[in-house]
Amino acid sequence: MLASYPERAACTRFRVSAYAPVLAHHGISLQLQSALDDDAFARFYAAEMPHVEKANSILRGAVRQMRALSSRDVDVVFVQREATLVGSVFMEWIAARFRGLPLVYDLDDAVWQMDTTFSQHPVAARLLRAPGKTWSILRMARHVLAGSEFLASVVSAHNPNVAVLPTVVSASKWQPLPGRLEGAFVSDSRPPVIGWIGTHSTAHALHLVAPALRRLRQAGRKFVLRVVGAGRGFRVPGFEHESKSWRLDREIQDFQDIDIGIAPLLPIEYSKGKCGFKVLQYMAVGVPCVASPDGGALDFVRHGENGLFARTEDEWAAALDSLLEDRMLRRHIARCGRALVKRSHSIEAQTPRLADILRDAAESRRTVAQ
């Protein structure tokens, strides 16, 4: 499995390495080689990391991936988004054309687009990633995995062998706290927590919810806004909030400790490629949530049943107010969301489908060889 980022990155952790122990029970072993190792990834987007050091990190990753591709034990190459951070389809071409290995291509974002609205990365750096290479990889792939129906509809024009594989978590590891499925808040001794967990690159969407939060506070509603992973300098306009850094070792706990989750997305073209993963993370731990009616959430959220949709200030205020005040609504949404995760949107439920696709790719190579 080739990926740009190591396991520390959510896209690699949940769409690649999380499947490894479960696929092992299906007789499939995985070897992950990322373009960046953990140390380089932790500092790669920091301004103080010299360009020469960044280039060396990318080169070292390419060497690791080339060594992996030279192994005679490889039957299938799985590419998550892209094998390398810069340049064209060199590594994918080596795998599919030079080695003749079946390629399974995985997309959990509209990687062919550039977020020119809020991206903090220089335009030159974004162009170096050559987003147009997506179409070339698609044409080389035996199978394509798309994280949402929208992504599948776009890429199917370039490769008809597309299956929707949502980004999911392990239902056995991501568990609700006691009382959560009864609609209880984490604590009766403090105000309920409205929470958001993400990265600095997506935190700007919280500006959509700020007016509704101010309205609720002015109406006398008691709650705390907690933001995890947005970065030190991030501020929600006109609203005080708790800020926590994101840490891998407390990822599940951070989601469990929220009473009401929010997942806003800006109503722009780029948002259509988002997969709604944050919503599924809330559902897995029984946290009722309010989300924007955009992206992959449209595939599985049923308004009023396993989540709430909101777009306007009035809708955000009404949805959050109802969850703050109505325990039975929280109970209903938490139970339906958790049931969806256990039934179909979990690592355990999706692994057999992924195993079948990988086996089919491996068998296609044997058929050609014969």
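This structure is a prediction, so every number in the text was calculated from the model and none was measured. (Residues numbered from 1 in each chain as written. Predicted model: local features only at pLDDT ≥ 70, side-chain atom pairs only at ≥ 80, totals over all residues. Heavy atoms only, no water.)

Trainee: I would appreciate a short explanation of the overall build of the chain in the present structure.
Mentor: Along its length, the chain carries 15 helices and twelve strands. In summary, the chain has a C-alpha radius of gyration of 21 Å against a globular reference of 21 Å for 370 residues, a match within 12%. For the chain, the C-alpha atoms occupy an extent of roughly 70 × 45 × 35 Å along the three principal directions. A separation threshold of at least 6 residues defines the contact pool for the chain, and within that pool the share at least 24 residues apart is 74%. Surface summary for the chain: the accessible area is close to 16,800 Å², and the carbon and sulfur share equals 54%. If the 47 positive side-chain charges of the chain are averaged to one point and the 38 negative ones to another, these points end up 2 Å apart. (Helix = DSSP H or I, 4+ residues; strand = E, 2+ residues; numbered from the N terminus. Rg over C-alpha atoms; globule rule 2.2 N^0.38 Å. Contact = heavy atoms within 4.5 Å. Areas by Shrake-Rupley, 256 points an atom, 1.4 Å probe, with all protein chains shown as cover. Lys, Arg positive; Asp, Glu negative; His and termini not counted. Charge placed at Lys NZ, Arg CZ, Asp CG, Glu CD.)

Trainee: Sorry if this is basic, but what is going on with the sheet that holds strand β7 (residues 193-197) here?
Mentor: Sheets are built from strands paired through backbone hydrogen bonds, the pairs being either parallel or antiparallel. Taken in spatial order, the six strands make up an open sheet running β9-β8-β7-β10-β11-β12, and their pairing is parallel. Sheet topology places β9 (242-244) and β12 (308-309) at the edges, where each strand pairs with a single neighbour. In this sheet, strand β10 (residues 260-263) lies alongside β7 in parallel orientation, the contact comprising two bridges. Residue pairing for β10: G195 is matched across the bridge by G261. (Pairing = 2+ DSSP bridges.)

Trainee: Which parts of the structure should I look at to understand unusual backbone geometry?
Mentor: Comment: phi is negative for the bulk of residues other than glycine, and the bulk of peptide bonds are trans. One non-glycine residue, R81, lies in positive phi territory at about 70 degrees. Tracing the backbone through its elements, the reader meets R81 in the loop between β3 (77-80) and α5 (90-98).

Trainee: Would you take a moment to explain the pairing of strand β4 (residues 103-107) for this structure?
Mentor: Two faces belong to every sheet, and in a regular strand the side chains alternate between them. With five of five residues buried, β4 lies mostly within the body of the structure. Where burial is concerned, the two faces of β4 agree: the one with L103, Y105 and L107 and the one with V104 and D106 are both buried. Bridge count for β3 against β4 is four bridges, and the pairing is parallel. Its bridge partner being in β4, F78 is matched across the sheet by V104. At this point the chain moves from β3, through α5, to the parallel β4, and the crossover so formed is right-handed. Pairing of β4 with strand β5 (residues 143-146) involves four bridges; the strand directions are parallel. In the sheet register, L107 faces β5, and the bridge partner there is A146. (Buried < 20%, exposed > 50% of the residue type's maximum accessible area, 1.4 Å probe, protein only. Right-handed = clockwise from strand over helix to strand, strands pointing away.)

Trainee: Sorry, what's going on with the packing of aromatic side chains here?
Mentor: By convention here, two paired aromatic rings are described through the distance between centres and the angle between planes. Following the criterion strictly, the structure yields seven aromatic pairs and no others. Considering the side-chain rings of F14 and W174, the 6.1 Å spacing of their centres and the 65 degrees angle between planes classify their relative orientation as edge-to-face. Residue F14 is located in helix α1 (residues 10-15), and its partner W174 is located in the loop between β6 (162-164) and β7; the two are separated by 160 residues in the primary sequence. The two residues F14 and W174 agree in class, both being buried. Grouping aromatic residues by their ring pairs yields a cluster made of F14, W174, F255, F277 and Y282. Sitting over the ring of F223, R217 keeps its end group 4.6 Å from the ring centre. (Phe/Tyr/Trp six-rings, centres within 6.5 Å; stacked < 30°, edge-to-face > 60°. Lys NZ or Arg CZ within 6 Å of the ring centre and 35° of its normal.)

Trainee: Explain the pattern of salt bridges here, please?
Mentor: Oppositely charged side chains can form a pair if their charged atoms are brought close together. One pass over the full model with this rule turns up 24 salt bridges. Where D108 meets R81, a salt bridge forms, and the shortest distance between an N and an O atom there is 2.7 Å. Of this pair, D108 sits in the loop between β4 and α6 (123-128) while R81 sits in the loop between β3 and α5, and the two are 27 residues apart along the sequence. The exposure class assigned to D108 is buried, which follows from its relative accessible area of 9%. Among the ionic pairs, D259 bridges to R190, the shortest N-O distance being 3.3 Å. Of this pair, D259 sits in the loop between α10 (251-256) and β10 while R190 sits in the loop between β6 and β7, and the two are 69 residues apart along the sequence. Residue R190 is classed as partly exposed on the basis of its relative accessible area, which comes to 28%. Beyond isolated ion pairs, a larger network of salt bridges with shared partners links R81, D108, D109 and K274. (Salt bridge = Lys/Arg side-chain N within 4 Å of Asp/Glu carboxyl O.)

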